[in-house]
Amino acid sequence: MTLSKDQLLQRYEDMVLIRRFEEEVEKYSKKGTIPGFIHLGIGQEATQAGIAASLKETDYKFPDHRGHGIILLSSHPEDRKRVMAEIFGKRTGLNGGRGGSMHVNDLKVRDMGNNAIQGSTVVTALGTAFASVYNHTDDVTAISMGDGTLGEGTCHESMNMAATWKLPILYCLINNHYAISTRYTETHPQSQLAEWAQGYCVPGEVVDGNDIEAVIEATGRAVQRAREGGGPTLLEYMTYRWQGHFSGDPAAYRPAGELESWKEKDPIKRAREKLMDAHGVAESEIQAVHDRVDAEVESYVQFSLESPDPDPAYATAHVYADIEVEGR
Amino acid sequence: MTLSKDQLLQRYEDMVLIRRFEEEVEKYSKKGTIPGFIHLGIGQEATQAGIAASLKETDYKFPDHRGHGIILLSSHPEDRKRVMAEIFGKRTGLNGGRGGSMHVNDLKVRDMGNNAIQGSTVVTALGTAFASVYNHTDDVTAISMGDGTLGEGTCHESMNMAATWKLPILYCLINNHYAISTRYTETHPQSQLAEWAQGYCVPGEVVDGNDIEAVIEATGRAVQRAREGGGPTLLEYMTYRWQGHFSGDPAAYRPAGELESWKEKDPIKRAREKLMDAHGVAESEIQAVHDRVDAEVESYVQFSLESPDPDPAYATAHVYADIEVEGR
Amino acid sequence: MSRTITFSKALNEALHQEMERDEKVFVIGEDVAKMGGDFGITSGIWVKWPDRAFDTALSEAAIVGLSCGAAVCGLRPVAELMFADFIGVCYDQIVNNAAKLCYMYEGKASAQMVVRAVTGGGIRCAYHHSQCVEPWLMNVPGLVVVAPATPYEAKGLLVSSIRSNNPVVFLEHKGLYNQKGEVPEELYSLPLYQANVERSGKDLTIVAAMTMVNFARRAAEELAKEGVECEIINPRTLFPLDKETIVSSVAKTGRLVIVQEGPKFMGYGAEIGSLVSEDVFEYLKAPVKRVTSLGTPIPFAPVLEDEVLPHYDDVLKACREAMAF
Amino acid sequence: MSRTITFSKALNEALHQEMERDEKVFVIGEDVAKMGGDFGITSGIWVKWPDRAFDTALSEAAIVGLSCGAAVCGLRPVAELMFADFIGVCYDQIVNNAAKLCYMYEGKASAQMVVRAVTGGGIRCAYHHSQCVEPWLMNVPGLVVVAPATPYEAKGLLVSSIRSNNPVVFLEHKGLYNQKGEVPEELYSLPLYQANVERSGKDLTIVAAMTMVNFARRAAEELAKEGVECEIINPRTLFPLDKETIVSSVAKTGRLVIVQEGPKFMGYGAEIGSLVSEDVFEYLKAPVKRVTSLGTPIPFAPVLEDEVLPHYDDVLKACREAMAF
Ligand SMILES: Cc1ncc(C[n+]2csc(CCOP(=O)(O)OP(=O)(O)O)c2C)c(N)n1
Ligand SMILES: Cc1ncc(C[n+]2csc(CCOP(=O)(O)OP(=O)(O)O)c2C)c(N)n1
Ligand SMILES: [Mg+2]
Ligand SMILES: [Mg+2]
């Protein structure tokens, strides 16, 4: 499958949006305006945008700690500034500032939230997929997991159960080559992690995670399969994060030249070349996308900077569904 | 490989010893003399005896909750009565009666003990195998796990790490078709569980677990491989437990005729036929084995019955290596 | 209400009646469907509702994780973990996932689920099948820990736990399964977060949960002969705890003995002892006493296990000491 | 001893010196080898001993399980779990395996290992990277929970934890990593199971661990100006706890304030409050007070997290109330 010009242009804009969003997050994280640890998805935009584009609003999404991009694209356009405000820890954030970068969720678009215990939501995802079957809907569940996260025991319990019960789950294994400082080849026996799925009689496919069209094609097929009752699929998206593990990590563990070689494979650059070379899109049209996105992201930043802090009393709300806990 | 007459006769005696031991345990469990839950290995003697016979004394053994047979055969002959006394909860038991059927260990023969959290020792086994490598010894680690236990996340973490580091581990997956009432086909996607190992690039082999020679042949090969630095192997021994999950379970979940068909494949009967038909062993020689074992097991029972209860004060010993906890 | 049934039967009935009432309720766990549970608590459910009872692999993290996800979608999972000791292998799912979902989702969704688990000692099953696990859980904001002591409570509290929008760890003491008591046939619920005053008295308060309530009752009878009137409080919900009932009882009696099956250190007795001395210090006539098991793993041999578990005589002794102080 | 280094550096030095001394010691965990640990605590070890530092997959149960197995073979693993919150995913290995091995093996072998984990809040990392996990562990017989409060303790206690034949969960509060203090260059150890009297005083006892010791010190200075002499006790080993030091201090002062970072319910303050009222009831001149965080998950936004964590002013207030009682 190849995307039409308009489709590809739309996905191009999605990717640029992620990139610009992350650049601003990085800037304000380095300044100290954004508190806590930030994991940036720069370099992985094709995987994130491609997964988001393959899902419908009622599909259940479990993004990961590096998943701002999927969160952003899944949310309603008018809520996107609130994704950033959440990362800033502001009252106007999608979750009132109580979750931050690692815990943004938006139930109205079935973004079930990311999570800071790696592998934990890999089993939670069984439950949303189970609910689809129980309730006879065709909503699929897409769970993002890194190459490192595949080390967790929950991955096995989840895959075993999903494969046995043919649950509608997409295991989106985002292989960006590292878990913090550790290359996946040092901690896993397979040369491609997708092989792991074969042990469960589940299709495992390696995808060029920096090629938006390849991502959409493979993901779309797997979504379709799951929707039709064909059970889970594991997709291994090969990609690379340009920044360190968290914003500020110097990433000294990367061999010289590696980053540069991956920058050659920049998913945005690749899509732009395709747009211009194959679809004859003009430089000015591309520039218009960038201008639009710049303005858009700038508006998120302004919104976030201007938003008030949460009310301290909100700290004790919703610990339980029915009873209050003691405040100060 | 086929065993010589003498070897096969020896293994025959091992199997008869397990069977008679378990029958007595069952008897005293039903009488209420043996407290707690008892998981019997009757029907699985070829797997247990074959694994035990393939290991040397300094290899690390992690038997499972149904592993009396491996424990018994690994222990020194003079200690075997103490295995039974442990199950009786007596002071003379291998562990002073404090562990019972699910927690018998004997460090001097590197029986590291069974355990009642399924899957827990599957990761502990990494550590003994790691120690062999760290200390440059050639001791291998053999971990027993049931078909049901393969559901636990620890199996994945263990296999992933063992495969990556090529640790000398034998995953002895004893497939007796059930986890309590649940058939393995209902909870696992593979038609043979050995396929699971392929996802880790680890050899997985299906073995006729009721054929002592097949067990010894396959296990021996895997042990050899591990000893020589070739890494882990998963062996799936196909067998069947004749009793319910625990002594007293009526096992109503088994389809009619299933038990009978497996009794046809009785590992003891098969070995006896081979001994008599292929090796020309006389009925009387077989009878002598049974007589010897009967007397032997009877002596364990007497020893266990006559042994004193533990001293209650022993309950507080060894909680810590260096400090005492409060007693009564 | 004169029908007498066992604690197990009461639980089973609660499940049947709630499943009848609300089709969002389902049961999941190892051997809970076709076999009806290792302790028979889910018996008959799969027969009636084959699409609402699920036998799983040995995968406790997946059982709890699936339940969390399904709960957030509006279903009401009742997961069985068999022995409570197995909470160890799915602890993350309980404390870091289930317990925090309501907070994360700002009350828009929550882990409205029940995790049933068989707790406590006494059946000679040693280290891994005998622990009292409530201290593992009672320190985790967002969780609810329910611990019934009678068949009547078993049914009523299980029903309210299923209906609760919070994640409830429902502890069933194996020593109570065969205990009989009066249980209404009709569906009813008992309030969560509310302790029960099992017996009123003015001299001394005994707080006890699960099987320890039986010890407390026996001791109260015995002490009554000596002229001591004990008030017995059974928390029913261990966390969040009904402090008020405990505190006001001690304000009246001035004396408190806590009976707890698990080891003394950091058990529920620790919290209850502390909150009482904080809140009604001036009323306390004697030091708070705790009767507990020894601080060891639970050994197998009957003489050893019996040595470790709390002794009834120590309950009497503690009460008499409190009175004599 | 006039050299001043950070808490992190002290830990790193302890590891280097113990590894030098005993070749059975090795480090294992995620990113502990080549990168030297996410917080740099294992920095330089892999360079010196490439065969004794192991980067693993994200597999905490395997890390702890492997350590148990290796320990039983006589090695001395020092495992790093990065954030203590991840104890959730390997809880079974810690409480059902490590904690029980000495008992199971009747003292012939034990889980002689250290599990290092970074605990506590304050760095705006929300629910899953900020919890005080000691209550998860302090109720499990067989475990040791060590919690240093200064660089000097960090080095000395890590050394003794490595040498201990018990499984030690070694809690490093992230708020202390950059704190500086005097630390001897030579190898030394500090006794486990022994509290430290940080400051002597006759009027009021403050028990505090980890960062809370800083609050206690500040409060003691402030109160000294008002003529109140505080005695500060830092348990160092939270479990098994040195009761004697605490109890005899309270026997002297008659007043106790416990400062604890985690939620109040079932925290270490619960046990300490109870044991004091049991053992020195007659000496208590005022109710025991606990200063703690609120009972919620730890939220992200600074204003929210600050609201939840204990407030220094509340320490002062609690002490003044105890004095005024
Ligand atoms: C259970 C658990 N273990 C460890 C961590 C610490 N940690 C956070 S992200 C990470 C690496 C994850 O690597 P990967 O899954 O490849 O995702 P990536 O960061 O590369 O996107 C680690 C070790 C964690 N959050 N949770
Ligand atoms: C973590 C854990 N979950 C559940 C159990 C309860 N349990 C004990 S044995 C068993 C079945 C094990 O089946 P399998 O591994 O096939 O061994 P088998 O009993 O057939 O020998 C179960 C569910 C347990 N002991 N530990
Ligand atoms: Mg990665
Ligand atoms: Mg089985």
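Reading the values: rules and limits
Note that residues are indexed from 1 along each chain, following the sequence as it is written. Lettering for chains starts from A, numbering for ligands starts from 1, and both go in the order in which the items are written. Owing to the predicted nature of the model, reporting of local features is limited to residues with pLDDT of at least 70; listing and counting of side-chain atom pairs is limited to 80 or more, with chain, interface and lining totals taken over all residues. Excluding hydrogens and water, the side-chain figures rest on all heavy atoms present in the structure. At least two bridges found by DSSP between two strands are what make those strands a pair. A helix here means a DSSP run of H or I that spans at least four residues, while a strand means a run of E at least two residues long, and both kinds are numbered starting from the N terminus. The angle between two axes is taken between their N-to-C directions and runs from 0 to 180 degrees, where each axis is a line fitted to C-alpha atoms and a helix contributes only its stretch in contact. Neighbouring residues are identified by heavy atoms, a residue being near a molecule or strand if any of them is within 4 Å of it. Here a polar contact means two N or O atoms within 3.5 Å. Within protein one must be a hydrogen donor candidate and the other an acceptor candidate, and residues neighboring in sequence count only if both atoms are side-chain atoms. Calculation of accessible area relied on Shrake-Rupley with a 1.4 Å probe; when residues are assessed, cover is drawn exclusively from the protein chains displayed. Charged residues are taken to be Asp, Glu, Lys and Arg, nonpolar residues to be Ala, Val, Leu, Ile, Met, Phe, Trp, Tyr, Cys and Pro, and polar residues to be all remaining types, Gly included. Excluding water, the donors of a metal are its N, O and S neighbours within 2.8 Å, or within 3.2 Å for Na, K and Ca, and that exclusion means sites may look incomplete. Exposed residues in this analysis have more than 50% of their type's maximum accessible area, buried residues have under 20%, and partly exposed residues fall in between, with area computed by a 1.4 Å probe over protein chains only. As annotated, the domain borders come from an automatic or database domain assignment. Residue contacts are defined here by distance: any two heavy atoms, one from each residue, within 4.5 Å place the two residues in contact. Two parts placed together each lose some accessible area under a 1.4 Å probe, and the buried area is that loss summed for both. Any two of the Phe, Tyr and Trp rings considered here, Trp counted by its six-membered ring, make a pair once their centres fall within 6.5 Å; the pair's planes then place it as stacked at under 30 degrees, edge-to-face at over 60, or tilted in between. Two conditions define a charge located above a ring, namely a distance within 6 Å from the ring centre to NZ of Lys or CZ of Arg, and an angle within 35 degrees of the ring normal. One fewer than the residue count of a helix, multiplied by 1.5 Å, yields its expected span. Whenever Lys or Arg places a side-chain nitrogen within 4 Å of a carboxyl oxygen from Asp or Glu, that contact is recorded as a salt bridge. Convention used here: angles under 35 degrees read as roughly parallel, angles over 145 as roughly antiparallel, angles from 65 to 115 as roughly perpendicular, and any remaining angle as oblique. For any helix crossing, the convention is left-handed if the near helix is rotated counterclockwise from the far helix by under a right angle, and right-handed if that rotation is clockwise. Per-residue confidence from the predictor is given as pLDDT, running between 0 and 100.

1. Here we look at the sheet that holds strand E5 (residues 114–119) of chain D
Residues and elements named next belong to chain D.
Thought 1: With respect to topology, 7 strands assemble into an open sheet ordered E3-E2-E4-E5-E7-E6-E12, the strand pairing being mixed. In this open sheet, the two edge strands, each paired with only one partner strand, are strand E3 (53–55) and strand E12 (237–239). Strand-to-strand twist in this sheet, taken as the mean axis angle between neighbours without regard to direction, amounts to 25°.
Thought 2: The pairing of strand E2 (residues 25–29) with strand E4 (residues 76–83) spans 5 bridges and is parallel. Each residue of the ladder has a partner; that of Gly-29, found in E4, is Glu-80.

2. Section: the site of ligand 2
Thought 1: Of all residues adjacent to ligand 2, which total 20 residues, the nearest are His-65, Arg-66, Thr-149 and Tyr-178 of chain B together with Glu-60 of chain C.
Thought 2: Backbone polar atom of Gln-118 of chain B to a nitrogen atom of ligand 2: 3.0 Å apart, as the coordinates give it.
Thought 3: Glu-60 of chain C is positioned such that a nitrogen or oxygen atom in its side chain is 2.5 Å from a nitrogen atom of ligand 2.
Thought 4: Out of a free accessible area of 580 Å², ligand 2 has 98% covered by protein chains.
Thought 5: Per-class residue counts for the shell around ligand 2 are 8 nonpolar, 7 polar and 5 charged.

3. Focus: the coordination of the magnesium ion (ligand 4)
Residue and element names in this part refer to chain B.
Thought 1: Surrounding the magnesium ion (ligand 4) are the protein donor atoms Asp-147 (OD), Asn-176 (OD1) and Tyr-178 (O), which sit 2.0 to 2.1 Å from the metal.
Thought 2: One chain supplies every donor for the magnesium ion (ligand 4), spaced along it as D-x28-N-x1-Y.
Thought 3: A relative accessible area of 6% means that Tyr-178 is categorised as buried.

4. Details of the domain arrangement of chain C
For an interface, size is often stated in terms of accessible area lost upon the parts coming together.
Residues and elements named next belong to chain C.
Thought 1: Taken as a whole, chain C is organised into domain 1 (2–184) and domain 2 (196–323).
Thought 2: The straight-line distance from the C-alpha centre of domain 1 to that of domain 2 is 26 Å.
Thought 3: Between domain 1 and domain 2, the residue contacts involve 32 residues of the former and 26 residues of the latter.
Thought 4: Between domain 1 and domain 2, roughly 2,300 Å² of surface is buried when both sides are summed, and carbon and sulfur atoms account for 61% of that area.
Thought 5: Area buried by domain 1 at its contact with domain 2 is led by Arg-124, Met-138 and Ala-147, which between them contribute 28% of it.

5. Side note on the packing of aromatic side chains
All names here are of chain B.
Thought 1: This model, assessed by the stated rule, comprises 49 aromatic pairs over all chains.
Thought 2: Pairing Tyr-240 with Trp-262 gives two aromatic rings, centres 5.3 Å apart and planes at 5°, and the pair type is stacked. One end of the pair, Tyr-240, is in the loop between strand E7 (233–238) and helix H9 (258–264); the other, Trp-262, is in helix H9, with 22 residues separating them in the sequence. As far as burial versus exposure is concerned, Tyr-240 and Trp-262 are alike and both buried.
Thought 3: Over the face of the ring belonging to Phe-303 we find Lys-81, whose NZ or CZ atom lies 5.1 Å from the ring centre.

6. Concerning helix H3 (residues 60–72) of chain C
In an α-helix, one turn spans 3.6 residues, which is why side chains three or four residues apart end up on the same side.
Residue and element names in this part refer to chain C.
Thought 1: With 13 residues, H3 should reach 18 Å at 1.5 Å per residue; the first-to-last C-alpha distance of 18 Å fits that figure.
Thought 2: Within H3, 13 of the 13 residues are buried, which leaves the element mostly enclosed by the surrounding structure.
Thought 3: Note on H3: the residue one or two positions beyond its end, Gly-74, has a positive phi of about 100°.

7. Thoughts on the interface of chain C and chain A
Thought 1: Of the residues lining the interface, 48 residues belong to chain C; the matching set on chain A comes to 36 residues.
Thought 2: Taken together, both faces of the contact between chain C and chain A bury some 3,200 Å²; the carbon and sulfur share is 63%.
Thought 3: Summed over the three residues of chain C that lose the most area to chain A, namely Leu-66, Tyr-103 and Glu-106 of chain C, the buried surface amounts to 22% of that side.
Thought 4: The interface formed by chain C and chain A contains 1 salt bridge.
Thought 5: Glu-326 of chain A is paired through a salt bridge with Lys-243 of chain C; the nearest N and O atoms lie 3.7 Å apart.
Thought 6: Where chain C packs against chain A, one counts 22 residue pairs in polar contact (both at pLDDT 80 or more).

8. A word on the interface of chain D and chain C
Thought 1: Residue-level contacts link 49 residues of chain D with 49 residues of chain C.
Thought 2: Note on chain D versus chain C: buried area summed over both sides is about 4,500 Å², and carbon and sulfur give 66% of it.
Thought 3: Considering only the side of chain D, the residues that lose the most area to chain C are Tyr-103, Phe-265 and Met-266 of chain D, jointly responsible for 17% of the buried surface there.
Thought 4: At the boundary of chain D and chain C, one finds 6 salt bridges.
Thought 5: Among the ionic pairs, Glu-271 of chain C bridges to Arg-290 of chain D, the shortest N-O distance being 3.0 Å.
Thought 6: At the level of secondary structure, the elements contributing two or more residues to the side of chain D that touches chain C comprise helix H4 (91–104), helix H5 (134–137), E12 and helix H9 (268–279) of chain D.
Thought 7: If one sorts the elements of the side of chain D that touches chain C by residue count, H9 of chain D sits on top with 9 residues.
Thought 8: In the side of chain D that touches chain C, the residues fall into 28 nonpolar, 12 polar and 9 charged.

9. Things to note about the packing of helix H6 (residues 153–165) of chain A against helix H6 (residues 153–165) of chain B
Thought 1: The N-to-C vectors of H6 of chain A and H6 of chain B enclose an angle of 120°; their axes lie 7 Å apart at closest approach. Considering the angle they form, H6 of chain A stands oblique to H6 of chain B. The handedness of the crossing between H6 of chain A and H6 of chain B is right-handed. The residues of H6 of chain B that touch H6 of chain A, namely those facing Gly-153, Cys-155, His-156 and Glu-157 of chain A, are Gly-153, Cys-155, His-156 and Glu-157 of chain B.
Thought 2: Taken together, the residues of the contact of H6 of chain A with H6 of chain B sort by class into 2 nonpolar, 4 polar and 2 charged.

10. Points about the confidence of the model for chain C
Thought 1: Chain-level statistics for chain C give a pLDDT mean of 98 and a share of 100% at 70 or above.
Thought 2: Interface confidence in the predicted complex, given as ipTM, is 0.98; pTM for the same model is 0.98.

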